[in-house]
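# What the coordinates show
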Amino acid sequence: MNRRTVVFAQSLLVLALFVSPSFAADEETLKKDLTAVIALQGLPCGEVIEVTVQAESDFAVTCKDANKYRVYLNAAGRVVIDKPK
Amino acid sequence: MPKPAASQPVASEPASKPVTRPAPQAARAPLTPPSVKTPVSPAAPKDAAPVKTTPKPVAQAVAASPAAPAPTAAPTLDLKALTARLKATKAIGVFTKISLKNKVDDLMQRFTEHYQGKKPPIAELRLSYDLLMMKVLSLLQDEDEALASAVISSREALWALLADEKTFAALQS
């Protein structure tokens, strides 16, 4: 392995160390946001523990109490929460 | 369609007037004490000297004038300023803000219906308004205390705008 490859690999490692916490922070922010949205609608959840992005502004969420919801922004600009059956 | 479901329990209750009257007061009561305490407690050490003059009411009134700027740390916001600050705050996430705006729009629609002579009585609207304010405050109080205090101090002024048909019409236009 030549020196350039080693330097490149080190750079990638450093980059990964900085970038992954940023993604994690974004995900935590999103979870917190969706938790608040569900709570605002008065639906049981506790805390969002898992989020899957289905489309832009369309999320499938799993709550700590095992409830699952689809949270999305409809065409009228309203946040809608559906409980999948 | 969770929204109508959320508003239905409120809509079903206020059929009798005597019941609806105390309800807003009860909803207001738990909010007011923290609102007063939160901004005052940090300001209290600065105003320690005027507190010593409290035995005489006249002296208190005089001493209160220099102390008066302290409560203005949480100034009353008008609707535009409040909207702008709520949009700007980082304490509330984007989807929560949209959801809150939906709720504000729903409440405004109910006020419109009220002034058109339709169903929701003013006591019911007051209850909905208080609940919405509590939701906003619960979102703000931990991460944007300044805005939470400002919202608390603006609550009655904002309600006055909504509860008056003329000012409400002006808001809508």
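Residues numbered from 1 in each chain as written. Chains lettered and ligands numbered in written order. Predicted model: local features only at pLDDT ≥ 70, side-chain atom pairs only at ≥ 80, totals over all residues.

The next subject is the overall build of chain A. When you go through chain A residue by residue, the secondary structure sums to 1 helix and 4 strands. For chain A, the α and β elements follow one another from N to C terminus as α-β-β-β-β. Counting the 85 residues in chain A, one finds 18% classified as buried. A fraction of 17% describes how many contacts in chain A between residues 6 or more apart in sequence connect residues 24 or more apart. (Helix = DSSP H or I, 4+ residues; strand = E, 2+ residues; numbered from the N terminus. Buried ≥ 20, exposed ≤ 12 C-beta atoms within 10 Å, placed from the backbone. Contact = placed C-beta atoms within 7 Å.)

The helix and strand tally for chain B stands at 10 helices and 0 strands. Ordered by position from N to C terminus, the α and β elements of chain B give α-α-α-α-α-α-α-α-α-α. Burial analysis of chain B (173 residues in total) assigns 18% to the buried set. When contacts within chain B are restricted to residue pairs at least 6 apart in sequence, those whose partners lie at least 24 apart make up 64%.

This next bit is on helix α8 (residues 122–140) of chain B. Its 19 residues place the ends of α8(B) 27 Å apart at the C-alpha level, agreeing with the 27 Å of an ideal helix rising 1.5 Å per residue. Residues of α8(B) that are buried: Glu124(B), Leu125(B), Arg126(B), Leu127(B), Ser128(B), Tyr129(B), Asp130(B), Val136(B), Leu139(B) and Leu140(B). (Expected span 1.5 Å × (residues − 1).)

As a further point, take the pairing of strand β1 (residues 48–55) of chain A. In the sheet, β1(A) pairs with strand β2 (residues 58–63) of chain A via 6 bridges, with the strands oriented antiparallel. Following the sheet pairing, Val51(A) is matched in β2(A) by Val61(A). (Pairing = 2+ DSSP bridges.)

Take the pairing of strand β4 (residues 79–82) of chain A next. Residue and element names in this part refer to chain A. Residue alternation in β4 divides its side chains into a buried set, Val79 and Ile81, and an unburied set, Val80 and Asp82. Summarising the sheet, strand β3 (residues 68–73) and β4 pair through 4 bridges and their orientation is antiparallel. If you follow Tyr72 over to β4, its bridge partner there is Val80. Linkage of β3 to β4, two consecutive antiparallel strands, is achieved through a turn of 5 residues, within which Gly77 is found at a positive phi near 80 degrees.

Inspection of the secondary structure assignment puts Glu28(A) in helix α1 (residues 3–40). Counting along the chain gives 23 residues from Glu28(A) to Val51(A), while the straight-line C-alpha distance between them is 9.7 Å.

In this structure, Leu34(A), Val37(A), Ile38(A), Val61(A), Val71(A), Leu140(B) and Val151(B) are the most contacted members of the largest nonpolar core, which totals 24 residues. Taken together, the elements giving at least two residues each to this core come down to α1, β2, β3 and β4 of chain A together with α7 (94–115), α8 and α9 (145–163) of chain B. Look past the residues within four positions of Val151(B) in its chain and what remains in contact with it is Leu82(B), Met133(B), Val136(B), Leu137(B) and Leu140(B). (Core = buried A, V, L, I, M, F, W, Y, C linked by C-beta atoms within 7 Å.)

Turning next to the confidence of the model for chain B. Predicted coordinates in areas of low pLDDT are best not read in detail. Residue and element names in this part refer to chain B. In the predicted model, chain B carries a mean pLDDT of 70, and 57% of its residues have values of at least 70. Confidence scores differ between elements of chain B, with helix α1 (residues 2–12) showing the lowest mean pLDDT of 38 and α7 the highest of 94. The low-confidence segment residues 1–71, where pLDDT is below 50, has 52 contacts with residues more than four positions distant or belonging to other chains. For this predicted complex, the interface confidence comes out at an ipTM of 0.71, alongside a pTM of 0.63. (pLDDT = per-residue confidence, 0-100.)

This brings us to the environment of Thr35(A). Residue and element names in this part refer to chain A. Considering the arrangement of structural elements, one finds Thr35 in helix α1. Given 20 C-beta atoms within 10 Å, Thr35 falls into the buried group. Placed 27 residues apart in sequence, Thr35 and Thr62 show a C-alpha to C-alpha distance of 10.0 Å. Here Thr35 is in contact with Cys45, Glu47 and Val48, once residues within four sequence places are set aside.

Attention shifts here to the interface of chain B and chain A. Opposite the 12 residues of chain B that make contact, chain A presents 14 residues. Put simply, the parts of the chain that give the side of chain B that touches chain A at least two residues each are α1, α7 and α8 of chain B. Broken down by element, the side of chain B that touches chain A gets its largest block of residues, 7 residues, from α7(B).

Time to look at the packing of helix α6 (residues 79–88) of chain B against α9(B). Residue and element names in this part refer to chain B. At a closest axis distance of 10 Å, the pairing of α6 and α9 adopts a crossing angle of 145 degrees. In the crossing of α6 with α9, the sense of the turn from one axis to the other is left-handed. Together, Leu79, Leu82 and Arg85 of α6 and Leu147, Ala150, Val151, Ser154, Leu158 and Leu161 of α9 make up the contact between the two elements. Tallied by class, residues from the contact of α6 with α9 come to 7 nonpolar, 1 polar and 1 charged. (Axes fitted to C-alpha atoms, helices over the stretch in contact; angles between N-to-C directions. Left-handed = near helix turned anticlockwise from the far one by under 90°. Nonpolar A, V, L, I, M, F, W, Y, C, P; charged D, E, K, R; others polar.)

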